[in-house]
Every structure is written in structure tokens, then in C-alpha cells.
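Structural overview
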Protein chains: 2
Amino acid sequence: MSDLLERLRGRGWRMTAQRRVVAEVLDGEHVHLTADEVHSRAVARLPEISRATVYNTLGELVSLGEVLEVATDKRAKRYDPNAHRPHHHLVCAQCGAIRDVHPTGNPLADLPDSERFGFTVSDVEVTYRGTCPNCAAA
Amino acid sequence: MSDLLERLRGRGWRMTAQRRVVAEVLDGEHVHLTADEVHSRAVARLPEISRATVYNTLGELVSLGEVLEVATDKRAKRYDPNAHRPHHHLVCAQCGAIRDVHPTGNPLADLPDSERFGFTVSDVEVTYRGTCPNCAAA
DNA sequence: GCTTGACTTAGACATTGTCTATTGTAGGAT
DNA sequence: ATCCTACAATAGACAATGTCTAAGTCAAGC
């Protein structure tokens with residue numbers, strides 16, 4: 001994670017207490033947090049940090065490719081710090097729990113040219129849905 | 001689409017002007033509309049229909065499995081009337097245009113048991129991202 | 001043609017995200 | 001070490017999307 005801070009500094013990021021805290025929150029936690037959850041945790045460490053700053057910082061991290069936005073079908077976007085290891089997601093349809101998964105195969109290769117409609121396809125996102133053990137037991 | 005209305009009546013749906021209009025809007029259009037777009041088009045045919053009714057009706061159609069919710073990473077959920085033919089989506093990262101696509105292969109088979117964490121996996125959603133011809137030209 | 005419970009309505013409310021004008025500050029220049 | 005300045009942070013208004021409630025309306029069975 002100091003890796004992360006180093007990389008950011010290397011890219012000309014001005015280092016501020018707020019940005020450091022946001023980066024630390026993302027790094028310390030392996031669940032995928034919503035922007036609001038990031039804000040709550042950031043406030044715990046730096047009470048005067050504002051919502052706008054958290055949103056701005058998350059947006060910058062996404063632009064820089066250090067963090068991924070994940071749109072499960074829940075309401076809020078989630079932020080995934082695991083941007084450098086490609087992976088997909090498994091989501092519990094009932095409680096919303098998320099796990100990172102690594103399917104075999106390459107879905108990009110499964111989309112024939114005839115199905116690309118002239119698009120330049122750069123990325124695939126695979127979301128598996130199901131029921132987690134906890135919810136199945138209930 | 002009268003198919004759809006038949007099926008719904010068969011399931012004990014009370015048929016109202018509002019519900020008919022929502023079903024017609026979804027059926028007549030092959031783009032994936034947001035709830036708000038559905039509302040706008042419904043209002044054009046039935047000016048006094050309320051937003052809440054459109055949301056309720058869409059939610060009911062989703063529960064009944066007649067329509068799918070699609071969460072691209074845009075802000076609003078989109079509603080996909082094509083629920084009975086399995087397909088995935090190709091999204092333009094710039095303008096948000098969506099196409100239905102039919103990749104080969106079966107992503108469900110690509111998720112080994114060891115990567116399922118005890119979940120009962122029932123569904124996969126694949127979203128390809130890229131740049132559409134229009135945006136590439138610009 | 002009644003009755004009744006499901007449906008619809010308007011609009012308040014909730015959640016998530018964005019923008020703006022102002023104030024603060026990191027980091028280079030002196 | 002101090003000063004400058006552009007970039008960053010702040011509070012809070014605003015916007016977009018979605019949910020809920022209380023009261024009125026109507027489809028469908030009798």
C-alpha cells in the first residue's frame with residue numbers, strides 16, 4: 001500500500017492527509033466498499049474530511065487505474081482496490097456479499113467478430129450470482 | 001407482446017390501463033430503457049400515470065421474470081424485455097450505447113468449484129466494454 | 001350494479017452522487 | 001525559513017434515482 005502512495009506521488013499527485021486516509025481505507029479492507037462506507041471509515045481517522053473529497057479522490061483513483069468501480073446491481077457503486085490482479089465477482093443475490101473469483105477461460109475470446117458491431121472491445125466484466133452459504137442456511 | 005399480457009393475466013394480474021401501457025412501452029422498444037425513460041414514454045400515452053406506478057410495475061415484471069434489470073455502470077438501472085432469450089451486453093464506455101450479444105462458451109462452466117466458496121451459483125452476467133464506432137470516429 | 005381489495009396517485013422522503021464558491025495548504029521558488 | 005500559487009478540501013446546495021405513505025379509484029367477481 002505504501003506502494004500505492006509511492007506510485008501516486010510518482011505521478012505528480014499532491015499528497016494530502018485526506019488522500020492518504022482514503023488510500024489507507026481502501027488498502028486496509030478487502031471487502032468492496034461503497035463510497036459512503038469509505039467516507040465513514042475515513043471520518044473515523046480524520047473527522048473533518050468531507051464527502052466531496054472522498055468522492056473526488058475515489059474518482060481520481062479510478063481514473064488513474066488504481067482502483068476499479070464495481071457495479072453489482074446494488075444501488076451504490078463499490079470500489080475495488082484489487083485493480084492490478086484481474087478477477088471477477090460472485091455476488092449473493094440475497095445479502096449482497098461479494099467474493100473475488102478467478103474463472104478459467106477468456107470471455108473476450110468468446111465474443112466473435114460478428115457479435116462486436118464494430119465496437120473496439122477492451123474489457124469484460126463477469127458477475128456470477130447466486131446464494132451464499134449463510135443465506136442458504138437461513 | 002399480447003403474449004406477455006396473456007401470461008400476466010394468467011398469473012392473476014389485475015389488468016389496468018397503466019400496466020398495459022408499461023408493458024407496451026417495454027415491448028415496442030428494443031433499446032434498454034431506464035425507469036425514467038419508460039415513464040416518459042408511458043406518459044405520452046397515458047398522461048396521468050405516476051412515477052410510482054411505473055417503478056412498481058417494472059419491479060413486478062422483474063419479480064415475475066418477464067423483464068431483466070441490467071446494471072451497466074451508468075447511474076440508472078435499465079430494463080431488458082428480452083428475458084426469455086439468454087444474452088449478454090456490450091456497452092460503449094463513452095456514450096453508454098448498449099447492444100445485446102451472444103458469446104460462445106458457457107461462463108458458468110468456467111467457474112471451478114474451488115472458486116465458488118459454497119455459493120449456489122445460478123446465473124452469470126457478462127458485460128463487455130469498449131468504444132462504439134460512432135465514438136471511435138469522433 | 002355493488003363490494004372489496006388490489007391498484008394508482010401525488011408528493012414527501014431517502015439515498016447516492018455532483019457542483020460551486022470559498023478557504024486552506026503542499027511543495028517549489030526565493 | 002518564508003512566501004506564493006496552483007491545486008486540493010470544505011460545506012452545503014443541487015441533481016438524479018428510487019422508495020414509501022395515506023388517501024382515493026377501479027377491475028373483476030358476485
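Residues numbered from 1 in each chain as written. Chains lettered and ligands numbered in written order. Predicted model: local features only at pLDDT ≥ 70, side-chain atom pairs only at ≥ 80, totals over all residues. Heavy atoms only, no water.

The next thing to look at is the environment of A:Val121. Assignment of secondary structure puts A:Val121 in strand E6 (residues 120–131). Sequence spacing of A:Val121 and A:Glu48 is 73 residues, and the spatial spacing of their C-alpha atoms is 42 Å. In contact with A:Val121, not counting residues within four places along its chain, are A:Leu108, A:Leu111, A:Arg116, B:Leu90, B:Tyr128, B:Arg129 and B:Gly130. (Helix = DSSP H or I, 4+ residues; strand = E, 2+ residues; numbered from the N terminus. Contact = heavy atoms within 4.5 Å.)

Locating B:Glu125 in the fold gives a position in strand E6 (residues 120–131). Under the relative-accessibility criterion, B:Glu125 is labelled buried at 19%. A distance of 3.2 Å separates the side chain of B:Glu125 from the side chain of A:Arg129, its partner in a polar contact. (Buried < 20%, exposed > 50% of the residue type's maximum accessible area, 1.4 Å probe, protein only. Polar contact = N/O pair within 3.5 Å; in protein donor to acceptor, adjacent residues only side chain to side chain.)

Time to look at the pattern of salt bridges. Considering all chains together, one arrives at 14 salt bridges over all chains under this definition. Among the salt bridges present, the one from B:Arg7 reaches B:Glu66, with a minimum N-O distance of 2.8 Å. Linking B:Arg7 in helix H1 (residues 2–10) with B:Glu66 in the loop between helix H4 (51–63) and strand E2 (68–70), this pair joins segments that are 59 residues apart in sequence. Judged by relative accessible area, B:Arg7 falls into the partly exposed class, the value being 34%. In this structure B:Glu66 comes out as buried when scored by relative accessible area, which is 3%. Through salt bridges with shared partners, a single ionic network connects A:Arg7, A:Arg11 and A:Glu66. (Salt bridge = Lys/Arg side-chain N within 4 Å of Asp/Glu carboxyl O.)

Once that is clear, we can look at the packing of helix H2 (residues 17–28) of chain B against helix H3 (residues 35–45) of chain B. All names here are of chain B. Running from amino to carboxyl end, H2 crosses H3 at an angle of 120°, the nearest separation of the two axes being 9 Å. Taken together, the axis directions place H2 and H3 in an arrangement best described as oblique. Pair H2 / H3 crosses with right-handed handedness. On H3, the residues touching Val-21, Val-22, Glu-24, Val-25 and Leu-26 of H2 are Val-38, Arg-41, Ala-42 and Arg-45. Per-class residue counts for the contact of H2 with H3 are six nonpolar, no polar and three charged. (Axes fitted to C-alpha atoms, helices over the stretch in contact; angles between N-to-C directions. Parallel < 35°, antiparallel > 145°, perpendicular 65-115°, else oblique. Left-handed = near helix turned anticlockwise from the far one by under 90°. Nonpolar A, V, L, I, M, F, W, Y, C, P; charged D, E, K, R; others polar.)

The full set close to DNA strand C counts 20 residues, and B:Arg14, B:Thr16, B:Gln18, B:Glu48 and B:Thr53 are the nearest of them. Counting only atoms of DNA strand C within 4 Å of the protein, the fraction found in sugar and phosphate groups is 66%. Residue B:Thr16 places a side-chain N or O atom 2.6 Å away from a phosphate oxygen belonging to DNA strand C. Those elements that place two or more of their residues in the surface near DNA strand C are helix H4 (51–63) of chain A together with H2 and H4 of chain B. Per-class residue counts for the surface near DNA strand C are seven nonpolar, four polar and nine charged. (Near = heavy atom within 4 Å.)

Moving on, we come to the relation of the copies chain B and chain A. The two copies are related by a screw motion: chain B maps onto chain A through a turn of 180° and a shift of 0.0 Å along the axis, at an RMSD of 0.1 Å. Here the symmetry operator amounts to a two-fold rotation axis. For chain B, the smallest separation between a C-alpha atom and the rotation axis is recorded for B:Val126, amounting to 2.3 Å. (Least-squares fit on C-alpha atoms with pLDDT ≥ 70 in both.)

A word on the domain arrangement of chain A. Residues and elements named next belong to chain A. Domains assigned within chain A are domain 1 (2–80) and domain 2 (88–137). Contacts between the two partners involve eight residues from domain 1 and, on the opposite side, seven residues from domain 2. Of the roughly 620 Å² buried between domain 1 and domain 2, counting both surfaces, carbon and sulfur atoms make up 55%. Taken together, the connections running from domain 1 to domain 2 amount to zero salt bridges. (Domains from an automatic or database assignment. Buried area = accessible area lost by both parts, 1.4 Å probe.)

On to the protein's contact with DNA strand D. Taken together, 19 residues lie near DNA strand D, and A:Arg14, A:Thr16, A:Gln18, A:Glu48 and A:Thr53 sit nearest. Across the atoms of DNA strand D situated within 4 Å of the protein, the share located in sugar and phosphate is 69%. At a separation of 2.8 Å, a sugar or linking oxygen of DNA strand D approaches a polar side-chain atom of A:Gln18. Contact distances for DNA strand D include 3.1 Å between a phosphate oxygen and a backbone N or O atom of B:Lys77.

Taken together, the contacts link 39 residues of chain B with 39 residues of chain A. Taking both sides of the interface into account, the surface hidden between chain B and chain A amounts to around 3,200 Å²; carbon and sulfur atoms contribute 59%. Interface area lost by chain B to chain A is led by B:Phe119, B:Tyr128 and B:Arg129, which between them contribute 20%. Summed over the shared surface of chain B and chain A, the number is two salt bridges. Put simply, B:Glu125 and A:Arg129 hold a salt bridge, and the shortest N to O gap is 3.2 Å. Joining chain B to chain A, the criterion identifies 16 residue pairs in polar contact (both at pLDDT 80 or more). When residues of the side of chain B that touches chain A are traced back to their parent elements, those giving at least two are strand E4 (88–92), strand E5 (98–101) and E6 of chain B.

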